[in-house]
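A structural walkthrough
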Amino acid sequence: MIMLLVVPLLLPWILPPLARRTVERVRPDIALWAVATSTAALALGVAACLGTLLLPLALRLPVLAAFAHLLQPVQAGPAAVVFCASVLAGGAIAVSVTAGARGARAELRRLRAVRKLVAGMPEAGGLCVLEDERPDAFALPGWMRRSDRIVVTAGMLRALDAGEREALLGHERAHLAGRHHLFLSVAQLAGWCHPALTAVVPVVSFAAERAADEAAARACGDRRLAARAVGRAALAAASLRSGLQAPTAAARGTTGPVPARVKALLAQAPVRRVVPALLAMALLCTAAGASSLGGAVWLHRGVELAQGEHPAD
Amino acid sequence: MSDEGERRPAGELESSVLAVLWAAGTAQSAAQVRAALPQDLARTTVATLLGRLLDKGLVGRRPGGRGFVYFAVQDTHGLAARRMHGELDGGSDRSMVLARFVEGLDPHDEAELRRLLQEDRP
(Lines give C-alpha, C1' and ligand atoms only; values in the text may rest on other atoms or scores of the structure.)
Protein backbone atom coordinates (compact mmCIF):
# COMPACT_ATOMS: atom_id res chain seq x y z
CA MET A 1 0.00 0.00 0.00
CA ILE A 2 2.96 2.28 0.43
CA MET A 3 3.06 2.26 -3.39
CA LEU A 4 0.07 4.62 -3.31
CA LEU A 5 2.42 7.23 -1.87
CA VAL A 6 5.22 6.44 -4.31
CA VAL A 7 3.14 6.64 -7.51
CA PRO A 8 2.57 10.44 -7.23
CA LEU A 9 6.35 10.80 -7.04
CA LEU A 10 6.75 8.98 -10.37
CA LEU A 11 3.82 10.50 -12.29
CA PRO A 12 5.49 13.92 -12.85
CA TRP A 13 7.89 12.23 -15.30
CA ILE A 14 4.97 11.88 -17.72
CA LEU A 15 4.14 15.60 -17.63
CA PRO A 16 6.96 17.21 -19.70
CA PRO A 17 6.13 15.50 -23.05
CA LEU A 18 2.38 16.10 -22.54
CA ALA A 19 3.01 19.76 -21.65
CA ARG A 20 5.15 20.25 -24.76
CA ARG A 21 2.48 18.76 -27.02
CA THR A 22 -0.22 20.87 -25.39
CA VAL A 23 1.72 24.11 -25.87
CA GLU A 24 2.35 23.26 -29.52
CA ARG A 25 -1.26 22.56 -30.33
CA VAL A 26 -3.60 24.54 -28.09
CA ARG A 27 -4.26 28.27 -27.93
CA PRO A 28 -1.29 29.49 -25.90
CA ASP A 29 -3.32 31.31 -23.23
CA ILE A 30 -5.24 28.10 -22.51
CA ALA A 31 -2.04 26.05 -22.68
CA LEU A 32 -0.41 28.36 -20.16
CA TRP A 33 -3.27 27.88 -17.70
CA ALA A 34 -3.44 24.13 -18.24
CA VAL A 35 0.29 23.45 -17.97
CA ALA A 36 0.82 25.74 -14.99
CA THR A 37 -2.17 24.26 -13.15
CA SER A 38 -1.05 20.69 -13.82
CA THR A 39 2.48 21.50 -12.69
CA ALA A 40 1.16 23.03 -9.48
CA ALA A 41 -1.20 20.10 -8.84
CA LEU A 42 1.53 17.50 -9.34
CA ALA A 43 3.92 19.49 -7.15
CA LEU A 44 1.30 19.56 -4.40
CA GLY A 45 0.90 15.79 -4.79
CA VAL A 46 4.67 15.33 -4.52
CA ALA A 47 4.89 17.52 -1.42
CA ALA A 48 1.94 15.77 0.24
CA CYS A 49 3.35 12.31 -0.44
CA LEU A 50 6.85 13.19 0.75
CA GLY A 51 5.37 14.65 3.91
CA THR A 52 3.21 11.59 4.50
CA LEU A 53 6.11 9.23 3.84
CA LEU A 54 8.15 11.10 6.41
CA LEU A 55 5.46 10.50 9.05
CA PRO A 56 6.39 6.92 10.11
CA LEU A 57 9.99 8.04 10.71
CA ALA A 58 8.93 11.17 12.55
CA LEU A 59 6.56 9.18 14.77
CA ARG A 60 9.47 7.04 15.94
CA LEU A 61 10.69 10.05 17.90
CA PRO A 62 9.35 9.65 21.44
CA VAL A 63 8.29 13.32 21.65
CA LEU A 64 6.18 13.16 18.50
CA ALA A 65 4.83 9.71 19.38
CA ALA A 66 3.65 11.02 22.73
CA PHE A 67 2.19 14.07 21.04
CA ALA A 68 0.17 11.82 18.71
CA HIS A 69 -0.91 9.66 21.69
CA LEU A 70 0.60 6.53 20.14
CA LEU A 71 0.47 3.43 22.30
CA GLN A 72 2.65 1.42 19.93
CA PRO A 73 4.81 2.12 16.83
CA VAL A 74 2.92 2.72 13.60
CA GLN A 75 2.71 -0.46 11.55
CA ALA A 76 2.67 0.60 7.94
CA GLY A 77 3.91 -2.37 6.02
CA PRO A 78 7.34 -4.06 6.14
CA ALA A 79 9.40 -2.08 8.65
CA ALA A 80 12.58 -1.99 6.51
CA VAL A 81 10.75 -0.72 3.42
CA VAL A 82 8.87 1.92 5.36
CA PHE A 83 12.04 3.05 7.11
CA CYS A 84 13.93 3.38 3.79
CA ALA A 85 11.06 5.26 2.17
CA SER A 86 10.85 7.57 5.16
CA VAL A 87 14.56 8.36 5.12
CA LEU A 88 14.56 8.95 1.35
CA ALA A 89 11.54 11.23 1.66
CA GLY A 90 13.28 13.19 4.38
CA GLY A 91 16.35 13.61 2.17
CA ALA A 92 14.24 14.72 -0.81
CA ILE A 93 12.42 17.28 1.33
CA ALA A 94 15.72 18.67 2.62
CA VAL A 95 17.15 18.99 -0.92
CA SER A 96 13.99 20.66 -2.28
CA VAL A 97 13.66 23.10 0.56
CA THR A 98 17.33 24.09 0.33
CA ALA A 99 17.19 24.61 -3.45
CA GLY A 100 13.88 26.45 -3.17
CA ALA A 101 15.04 28.76 -0.41
CA ARG A 102 18.26 29.61 -2.22
CA GLY A 103 16.55 30.17 -5.57
CA ALA A 104 13.70 32.20 -4.10
CA ARG A 105 16.09 34.40 -2.16
CA ALA A 106 18.15 35.16 -5.30
CA GLU A 107 15.03 35.89 -7.33
CA LEU A 108 13.51 38.18 -4.69
CA ARG A 109 16.77 40.04 -4.19
CA ARG A 110 17.06 40.66 -7.92
CA LEU A 111 13.41 41.74 -8.22
CA ARG A 112 13.86 44.19 -5.35
CA ALA A 113 17.01 45.63 -6.92
CA VAL A 114 15.38 46.02 -10.34
CA ARG A 115 12.25 47.60 -8.78
CA LYS A 116 14.37 50.07 -6.88
CA LEU A 117 16.20 51.08 -10.06
CA VAL A 118 12.97 51.45 -12.04
CA ALA A 119 11.21 53.35 -9.26
CA GLY A 120 13.65 56.23 -9.77
CA MET A 121 13.04 56.44 -13.49
CA PRO A 122 10.47 58.61 -15.28
CA GLU A 123 7.87 56.75 -17.34
CA ALA A 124 5.29 57.36 -20.02
CA GLY A 125 2.34 55.00 -20.23
CA GLY A 126 4.31 52.52 -18.14
CA LEU A 127 7.34 52.60 -20.45
CA CYS A 128 10.82 53.25 -19.05
CA VAL A 129 13.69 53.55 -21.50
CA LEU A 130 17.20 52.60 -20.46
CA GLU A 131 20.08 54.34 -22.14
CA ASP A 132 21.82 51.17 -23.21
CA GLU A 133 22.90 50.08 -26.66
CA ARG A 134 22.41 46.40 -25.80
CA PRO A 135 18.95 45.38 -27.06
CA ASP A 136 16.85 44.15 -24.17
CA ALA A 137 13.25 44.41 -22.98
CA PHE A 138 11.25 42.98 -20.13
CA ALA A 139 8.02 43.44 -18.22
CA LEU A 140 8.29 44.33 -14.54
CA PRO A 141 5.12 43.44 -12.62
CA GLY A 142 3.97 45.98 -10.04
CA TRP A 143 3.96 45.21 -6.35
CA MET A 144 2.78 46.98 -3.21
CA ARG A 145 1.18 50.01 -4.84
CA ARG A 146 3.95 50.27 -7.42
CA SER A 147 2.49 50.00 -10.87
CA ASP A 148 3.56 47.77 -13.74
CA ARG A 149 6.44 48.88 -15.92
CA ILE A 150 7.79 47.97 -19.31
CA VAL A 151 11.55 48.39 -19.42
CA VAL A 152 13.17 48.66 -22.84
CA THR A 153 16.68 49.69 -23.80
CA ALA A 154 17.39 52.35 -26.40
CA GLY A 155 19.31 49.70 -28.33
CA MET A 156 16.15 47.60 -28.65
CA LEU A 157 14.03 50.55 -29.81
CA ARG A 158 16.67 51.42 -32.45
CA ALA A 159 16.89 47.84 -33.70
CA LEU A 160 13.18 47.78 -34.63
CA ASP A 161 11.03 49.79 -37.02
CA ALA A 162 7.89 51.66 -35.91
CA GLY A 163 5.48 48.76 -36.38
CA GLU A 164 7.80 46.28 -34.72
CA ARG A 165 8.20 48.60 -31.72
CA GLU A 166 4.43 48.56 -31.27
CA ALA A 167 4.47 44.76 -31.43
CA LEU A 168 7.17 44.69 -28.75
CA LEU A 169 5.18 47.02 -26.49
CA GLY A 170 2.03 44.98 -27.13
CA HIS A 171 3.92 41.82 -26.14
CA GLU A 172 5.12 43.29 -22.85
CA ARG A 173 1.68 44.76 -22.06
CA ALA A 174 0.19 41.31 -22.60
CA HIS A 175 2.64 39.80 -20.09
CA LEU A 176 1.54 42.37 -17.51
CA ALA A 177 -2.18 42.24 -18.28
CA GLY A 178 -2.14 38.42 -18.16
CA ARG A 179 -0.17 38.43 -14.86
CA HIS A 180 2.21 35.94 -16.48
CA HIS A 181 4.76 36.37 -13.71
CA LEU A 182 2.39 34.50 -11.36
CA PHE A 183 2.35 31.49 -13.69
CA LEU A 184 6.13 31.62 -13.98
CA SER A 185 6.57 31.84 -10.21
CA VAL A 186 4.24 28.90 -9.60
CA ALA A 187 6.10 26.83 -12.19
CA GLN A 188 9.44 27.74 -10.66
CA LEU A 189 8.26 26.77 -7.17
CA ALA A 190 6.94 23.47 -8.52
CA GLY A 191 10.24 22.90 -10.30
CA TRP A 192 12.05 22.92 -6.99
CA CYS A 193 9.76 20.13 -5.71
CA HIS A 194 10.63 17.53 -8.32
CA PRO A 195 13.28 17.12 -11.05
CA ALA A 196 10.67 16.20 -13.69
CA LEU A 197 8.77 19.40 -12.93
CA THR A 198 12.00 21.35 -13.40
CA ALA A 199 11.81 20.23 -17.02
CA VAL A 200 8.34 21.81 -17.31
CA VAL A 201 9.55 25.27 -16.24
CA PRO A 202 10.85 26.20 -19.72
CA VAL A 203 7.60 24.90 -21.22
CA VAL A 204 5.55 27.26 -19.03
CA SER A 205 7.91 30.09 -19.91
CA PHE A 206 7.49 29.30 -23.62
CA ALA A 207 3.68 29.21 -23.24
CA ALA A 208 3.77 32.66 -21.60
CA GLU A 209 5.90 34.06 -24.45
CA ARG A 210 3.58 32.51 -27.03
CA ALA A 211 0.50 33.92 -25.28
CA ALA A 212 2.07 37.39 -25.25
CA ASP A 213 3.14 37.03 -28.91
CA GLU A 214 -0.41 36.16 -29.94
CA ALA A 215 -1.81 39.10 -27.96
CA ALA A 216 0.74 41.42 -29.62
CA ALA A 217 -0.20 40.07 -33.05
CA ARG A 218 -3.87 40.73 -32.31
CA ALA A 219 -3.11 44.23 -30.99
CA CYS A 220 -1.15 45.27 -34.07
CA GLY A 221 -3.36 43.28 -36.41
CA ASP A 222 -0.46 41.68 -38.27
CA ARG A 223 1.02 38.29 -37.41
CA ARG A 224 3.97 38.68 -39.77
CA LEU A 225 4.85 42.03 -38.24
CA ALA A 226 4.85 40.44 -34.77
CA ALA A 227 7.00 37.57 -36.10
CA ARG A 228 9.47 40.03 -37.57
CA ALA A 229 9.62 41.97 -34.31
CA VAL A 230 10.52 38.85 -32.31
CA GLY A 231 13.01 37.63 -34.90
CA ARG A 232 14.80 40.91 -35.48
CA ALA A 233 14.98 41.69 -31.76
CA ALA A 234 16.57 38.31 -31.10
CA LEU A 235 19.09 38.71 -33.92
CA ALA A 236 19.99 42.22 -32.77
CA ALA A 237 20.49 40.97 -29.21
CA ALA A 238 22.55 38.02 -30.45
CA SER A 239 24.83 40.13 -32.64
CA LEU A 240 25.87 42.22 -29.67
CA ARG A 241 26.08 39.40 -27.20
CA SER A 242 27.99 36.94 -29.35
CA GLY A 243 31.45 36.37 -28.05
CA LEU A 244 30.36 37.20 -24.53
CA GLN A 245 27.92 34.37 -24.24
CA ALA A 246 29.05 30.82 -24.67
CA PRO A 247 26.64 28.85 -26.85
CA THR A 248 24.67 26.78 -24.40
CA ALA A 249 23.77 23.83 -26.55
CA ALA A 250 25.20 24.36 -30.00
CA ALA A 251 25.11 20.68 -30.81
CA ARG A 252 21.46 20.05 -30.10
CA GLY A 253 19.25 19.36 -33.06
CA THR A 254 16.03 20.84 -31.75
CA THR A 255 14.88 24.36 -32.43
CA GLY A 256 15.20 26.90 -29.63
CA PRO A 257 12.28 28.91 -28.27
CA VAL A 258 12.78 32.06 -30.37
CA PRO A 259 12.67 30.40 -33.82
CA ALA A 260 9.71 28.33 -32.61
CA ARG A 261 7.86 31.52 -31.65
CA VAL A 262 8.58 33.12 -35.03
CA LYS A 263 7.49 29.99 -36.84
CA ALA A 264 4.23 29.88 -34.87
CA LEU A 265 3.51 33.55 -35.67
CA LEU A 266 4.16 32.98 -39.38
CA ALA A 267 1.66 30.11 -39.33
CA GLN A 268 -2.06 30.53 -38.70
CA ALA A 269 -3.29 31.53 -35.26
CA PRO A 270 -3.97 28.44 -33.16
CA VAL A 271 -7.65 28.08 -32.32
CA ARG A 272 -7.95 24.66 -30.67
CA ARG A 273 -8.96 24.68 -27.04
CA VAL A 274 -8.61 21.00 -26.23
CA VAL A 275 -6.29 18.27 -27.47
CA PRO A 276 -5.74 14.71 -26.20
CA ALA A 277 -2.50 15.78 -24.49
CA LEU A 278 -4.43 18.33 -22.41
CA LEU A 279 -6.98 15.71 -21.36
CA ALA A 280 -4.13 13.36 -20.53
CA MET A 281 -2.65 16.04 -18.26
CA ALA A 282 -5.98 16.32 -16.44
CA LEU A 283 -6.07 12.54 -16.06
CA LEU A 284 -2.50 12.54 -14.77
CA CYS A 285 -3.36 15.09 -12.07
CA THR A 286 -6.46 13.15 -11.08
CA ALA A 287 -4.44 9.95 -10.80
CA ALA A 288 -1.77 11.66 -8.69
CA GLY A 289 -4.44 13.19 -6.44
CA ALA A 290 -6.34 9.95 -5.99
CA SER A 291 -3.18 8.00 -5.30
CA SER A 292 -1.85 10.40 -2.68
CA LEU A 293 -5.26 10.62 -1.04
CA GLY A 294 -5.49 6.81 -0.95
CA GLY A 295 -2.01 6.59 0.57
CA ALA A 296 -2.81 9.23 3.18
CA VAL A 297 -6.03 7.46 4.21
CA TRP A 298 -4.15 4.19 4.50
CA LEU A 299 -1.42 5.71 6.68
CA HIS A 300 -4.00 7.51 8.78
CA ARG A 301 -5.60 4.14 9.50
CA GLY A 302 -2.18 2.84 10.57
CA VAL A 303 -1.77 5.76 12.96
CA GLU A 304 -5.25 5.17 14.41
CA LEU A 305 -4.39 1.54 15.06
CA ALA A 306 -1.20 2.62 16.80
CA GLN A 307 -3.29 4.94 18.96
CA GLY A 308 -5.11 1.90 20.23
CA GLU A 309 -8.28 2.04 18.19
CA HIS A 310 -9.66 -1.26 17.03
CA PRO A 311 -9.81 -2.13 13.35
CA ALA A 312 -13.50 -2.82 13.60
CA ASP A 313 -14.38 0.71 14.75
CA MET B 1 -8.58 61.71 -39.31
CA SER B 2 -9.07 58.61 -37.90
CA ASP B 3 -8.70 56.72 -35.39
CA GLU B 4 -7.69 53.45 -34.59
CA GLY B 5 -5.01 55.32 -32.67
CA GLU B 6 -7.14 57.70 -30.70
CA ARG B 7 -9.27 54.98 -29.22
CA ARG B 8 -6.28 53.54 -27.45
CA PRO B 9 -5.48 54.60 -23.90
CA ALA B 10 -3.54 57.86 -23.78
CA GLY B 11 -0.75 56.15 -21.82
CA GLU B 12 -0.09 53.72 -24.66
CA LEU B 13 0.19 56.59 -27.13
CA GLU B 14 2.57 58.44 -24.82
CA SER B 15 4.83 55.41 -24.70
CA SER B 16 4.72 55.12 -28.50
CA VAL B 17 5.82 58.76 -28.88
CA LEU B 18 8.62 58.24 -26.38
CA ALA B 19 9.75 55.13 -28.27
CA VAL B 20 9.86 57.11 -31.52
CA LEU B 21 12.09 59.78 -30.01
CA TRP B 22 14.46 57.24 -28.48
CA ALA B 23 14.65 55.24 -31.68
CA ALA B 24 15.37 58.35 -33.75
CA GLY B 25 18.36 59.28 -31.64
CA THR B 26 18.27 62.86 -32.91
CA ALA B 27 15.87 65.74 -32.27
CA GLN B 28 12.63 65.48 -34.22
CA SER B 29 9.94 67.99 -35.11
CA ALA B 30 6.35 67.23 -34.14
CA ALA B 31 5.59 66.49 -37.79
CA GLN B 32 8.44 63.98 -37.98
CA VAL B 33 7.20 62.27 -34.82
CA ARG B 34 3.71 62.10 -36.26
CA ALA B 35 5.01 60.55 -39.48
CA ALA B 36 7.07 57.98 -37.58
CA LEU B 37 4.14 56.78 -35.49
CA PRO B 38 2.43 53.70 -36.86
CA GLN B 39 -0.89 55.02 -35.56
CA ASP B 40 -2.69 57.65 -37.57
CA LEU B 41 -2.98 60.53 -35.12
CA ALA B 42 -4.22 64.11 -35.45
CA ARG B 43 -1.56 66.81 -35.33
CA THR B 44 -3.11 68.24 -32.14
CA THR B 45 -2.99 64.83 -30.48
CA VAL B 46 0.72 64.50 -31.15
CA ALA B 47 1.28 68.03 -29.80
CA THR B 48 -0.64 67.14 -26.62
CA LEU B 49 1.34 63.92 -26.16
CA LEU B 50 4.66 65.73 -26.62
CA GLY B 51 3.51 68.36 -24.13
CA ARG B 52 2.78 65.69 -21.53
CA LEU B 53 6.15 64.02 -22.04
CA LEU B 54 7.76 67.45 -21.73
CA ASP B 55 5.99 68.04 -18.40
CA LYS B 56 7.20 64.70 -17.09
CA GLY B 57 10.78 65.57 -18.01
CA LEU B 58 11.13 62.59 -20.34
CA VAL B 59 11.52 64.80 -23.37
CA GLY B 60 13.33 68.08 -23.97
CA ARG B 61 12.88 70.60 -26.75
CA ARG B 62 14.76 73.41 -28.39
CA PRO B 63 13.96 75.84 -31.18
CA GLY B 64 14.66 74.38 -34.57
CA GLY B 65 13.17 74.35 -38.03
CA ARG B 66 9.78 76.05 -38.00
CA GLY B 67 9.07 75.67 -34.30
CA PHE B 68 10.48 73.28 -31.81
CA VAL B 69 12.33 70.02 -32.15
CA TYR B 70 11.97 67.36 -29.45
CA PHE B 71 14.49 64.87 -28.13
CA ALA B 72 14.53 62.09 -25.52
CA VAL B 73 16.18 63.13 -22.27
CA GLN B 74 18.99 60.76 -21.35
CA ASP B 75 19.75 59.93 -17.78
CA THR B 76 23.10 60.93 -16.40
CA HIS B 77 25.84 58.81 -17.92
CA GLY B 78 23.58 55.77 -18.35
CA LEU B 79 24.08 54.87 -14.70
CA ALA B 80 20.69 53.19 -14.30
CA ALA B 81 21.29 51.21 -17.47
CA ARG B 82 24.64 49.88 -16.27
CA ARG B 83 23.22 48.89 -12.90
CA MET B 84 20.24 47.19 -14.54
CA HIS B 85 22.54 45.26 -16.82
CA GLY B 86 24.54 44.15 -13.80
CA GLU B 87 21.39 42.95 -12.03
CA LEU B 88 20.00 41.05 -14.98
CA ASP B 89 23.12 39.48 -16.39
CA GLY B 90 25.40 39.48 -13.38
CA GLY B 91 24.18 36.41 -11.55
CA SER B 92 24.79 32.87 -12.64
CA ASP B 93 21.09 32.02 -12.81
CA ARG B 94 18.52 33.64 -15.05
CA SER B 95 15.51 35.38 -13.67
CA MET B 96 12.37 33.37 -14.19
CA VAL B 97 9.88 36.03 -13.18
CA LEU B 98 11.21 38.86 -15.35
CA ALA B 99 10.22 37.56 -18.74
CA ARG B 100 12.74 38.95 -21.22
CA PHE B 101 11.48 39.64 -24.72
CA VAL B 102 14.18 37.53 -26.34
CA GLU B 103 16.56 35.10 -24.77
CA GLY B 104 19.98 34.21 -26.08
CA LEU B 105 20.33 32.45 -29.40
CA ASP B 106 22.77 29.70 -30.18
CA PRO B 107 24.30 29.58 -33.70
CA HIS B 108 21.80 26.94 -34.81
CA ASP B 109 18.84 29.11 -33.72
CA GLU B 110 20.38 32.14 -35.35
CA ALA B 111 20.69 30.42 -38.73
CA GLU B 112 17.14 29.10 -38.44
CA LEU B 113 15.83 32.54 -37.57
CA ARG B 114 17.57 34.20 -40.52
CA ARG B 115 16.06 31.59 -42.82
CA LEU B 116 12.55 32.18 -41.42
CA LEU B 117 12.79 35.97 -41.77
CA GLN B 118 14.25 35.65 -45.27
CA GLU B 119 11.37 33.43 -46.39
CA ASP B 120 8.85 35.84 -44.97
CA ARG B 121 10.20 38.75 -47.02
CA PRO B 122 7.91 39.15 -49.99
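Residues numbered from 1 in each chain as written. Chains lettered and ligands numbered in written order. Predicted model: local features only at pLDDT ≥ 70, side-chain atom pairs only at ≥ 80, totals over all residues. Heavy atoms only, no water.

You'll find chain B entered in an unreviewed UniProt entry as CopY family transcriptional regulator, with Streptomyces roseus given as the organism. Under the heading Sequence similarities (unreviewed entry), UniProt records this for chain B: "Belongs to the BlaI transcriptional regulatory family." (UniProt positions renumbered as here; feature names shortened; annotations may be inferred.)

What about a nonpolar patch on the surface?
Residues and elements named next belong to chain A. A surface patch of nonpolar side chains, about 450 Å² in accessible area, is lined by Leu61, Val63, Leu64 and Phe67. Looking at where Phe67 falls in the secondary structure, it is placed in helix α4 (residues 62–67). Judged by relative accessible area, Phe67 falls into the exposed class, the value being 68%. (Patch = residues over 30% accessible without salt bridge, like charges linked within 9 Å, V, L, I, M, F, W, Y side chains within 5 Å. Areas by Shrake-Rupley, 256 points an atom, 1.4 Å probe, with all protein chains shown as cover. Salt bridge = Lys/Arg side-chain N within 4 Å of Asp/Glu carboxyl O. Helix = DSSP H or I, 4+ residues; strand = E, 2+ residues; numbered from the N terminus. Buried < 20%, exposed > 50% of the residue type's maximum accessible area, 1.4 Å probe, protein only.)

Brief notes about the environment of Ala269(A)
All names here are of chain A. The topology assignment puts Ala269 in the loop between α12 (257–266) and α13 (276–306). Judged by its relative accessible area of 39%, Ala269 is partly exposed. Sequence spacing of Ala269 and Glu214 is 55 residues, and the spatial spacing of their C-alpha atoms is 7.6 Å.

Quick word on the environment of Thr48(B)
Residues and elements named next belong to chain B. Tracing the sequence through the fold places Thr48 in helix α3 (residues 43–56). With a relative accessible area of 42%, Thr48 lands in the partly exposed category. On a C-alpha basis, the gap between Thr48 and Arg115 in space is 42 Å, while along the polypeptide they are 67 residues apart.

Here's the deal with the sheet that holds strand β3 (residues 67–72) of chain B
Residue and element names in this part refer to chain B. The sheet built from three strands is open, its strands ordered β1-β3-β2 with antiparallel pairing. At either end of the open sheet lies a strand with only one pairing partner, and these are β1 (28–29) and β2 (59–64). In this sheet, β3 lies alongside β1 in antiparallel orientation, the contact comprising two bridges. Pairing of Ser29 across the sheet is with Val69, part of β3. Contacting β1, β2 and β3, helix α1 (residues 10–24) runs over the sheet at an angle of about 85 degrees to β3. Against the sheet, α3 engages β2 and β3, with an angle of about 115 degrees to β2. (Pairing = 2+ DSSP bridges. Contact = heavy atoms within 4.5 Å. Axes fitted to C-alpha atoms, helices over the stretch in contact; angles between N-to-C directions.)

As for the interface of chain A and chain B
Residue-level contacts link 76 residues of chain A with 53 residues of chain B. Of the roughly 5700 Å² buried between chain A and chain B, counting both surfaces, carbon and sulfur atoms make up 64%. The three residues of chain A that bury the most area against chain B are Arg110(A), Glu131(A) and Leu235(A), which together make up 13% of that side's buried surface. Summed over the shared surface of chain A and chain B, the result is four salt bridges. (Buried area = accessible area lost by both parts, 1.4 Å probe.)

Here's the deal with the sheet that holds strand β2 (residues 137–140) of chain A
All names here are of chain A. Pairing is mixed across the open sheet formed by three strands, whose spatial order is β1-β3-β2. Lying at the two open borders of the sheet, with one neighbouring strand each, are β1 (127–130) and β2. Strand after strand, the sheet turns through a mean of 20 degrees between neighbouring axes, direction not considered. Alignment of β2 against strand β3 (residues 149–153), held across four bridges, turns out to be antiparallel. Paired with Phe138 across the bridge in β3 is Val151.

Topic: the pattern of salt bridges
Scanning the entire structure with this criterion turns up 19 salt bridges over all chains. We note a salt bridge from Glu87(B) to Arg109(A), for which the minimum N-O separation is 3.4 Å. Note that Glu87(B) is positioned in helix α4 (residues 79–90) and Arg109(A) in helix α5 (residues 79–119), a pairing that runs across two chains. A salt bridge links Arg134(A) to Asp132(A), with the shortest nitrogen-to-oxygen separation between them at 3.1 Å. Overall, the relative accessible area of 32% leaves Arg134(A) in the partly exposed class. Among the residues examined, Asp132(A) registers a relative accessible area of 10% and is labelled buried. Linked by salt bridges that have partners in common, Glu164(A), Arg228(A) and Arg232(A) make up one network.

Topic: unusual backbone geometry
Residue and element names in this part refer to chain A. Even without being a glycine, His69 presents a positive backbone phi close to 55 degrees. Residue placement: His69 occurs in the loop between α4 and α5. With phi around 50 degrees, Arg179 is a residue other than glycine that occupies positive phi space.

A closer look at the pairing of β3(A)
Residues and elements named next belong to chain A. In terms of burial, β3 is largely enclosed, as five of its five residues are buried. Alternating positions in β3 separate into two faces, Arg149, Val151 and Thr153 on one and Ile150 and Val152 on the other, with burial throughout. Judged from the four bridges that link them, β1 and β3 form a sheet pairing that is parallel. The residue bridging Val129 from the neighbouring strand is Val152, located in β3.

What to know about the packing of helix α3 (residues 28–58) of chain A against α5(A)
Residues and elements named next belong to chain A. Two elements in contact, α3 and α5, have axes whose closest approach is 8 Å; the angle formed by their N-to-C orientations is 125 degrees. Between α3 and α5, the angle is such that the two are oblique. Between α3 and α5 lies a crossing whose hand is left-handed. Here Leu50, Gly51, Leu53, Leu54, Pro56 and Leu57 of α3 come into contact with α5, specifically with Val82, Phe83, Ala85, Ser86, Val87, Ala89, Gly90, Ala92 and Ile93. Its residues assigned to classes, the contact of α3 with α5 shows twelve nonpolar, three polar and no charged. (Parallel < 35°, antiparallel > 145°, perpendicular 65-115°, else oblique. Left-handed = near helix turned anticlockwise from the far one by under 90°. Nonpolar A, V, L, I, M, F, W, Y, C, P; charged D, E, K, R; others polar.)

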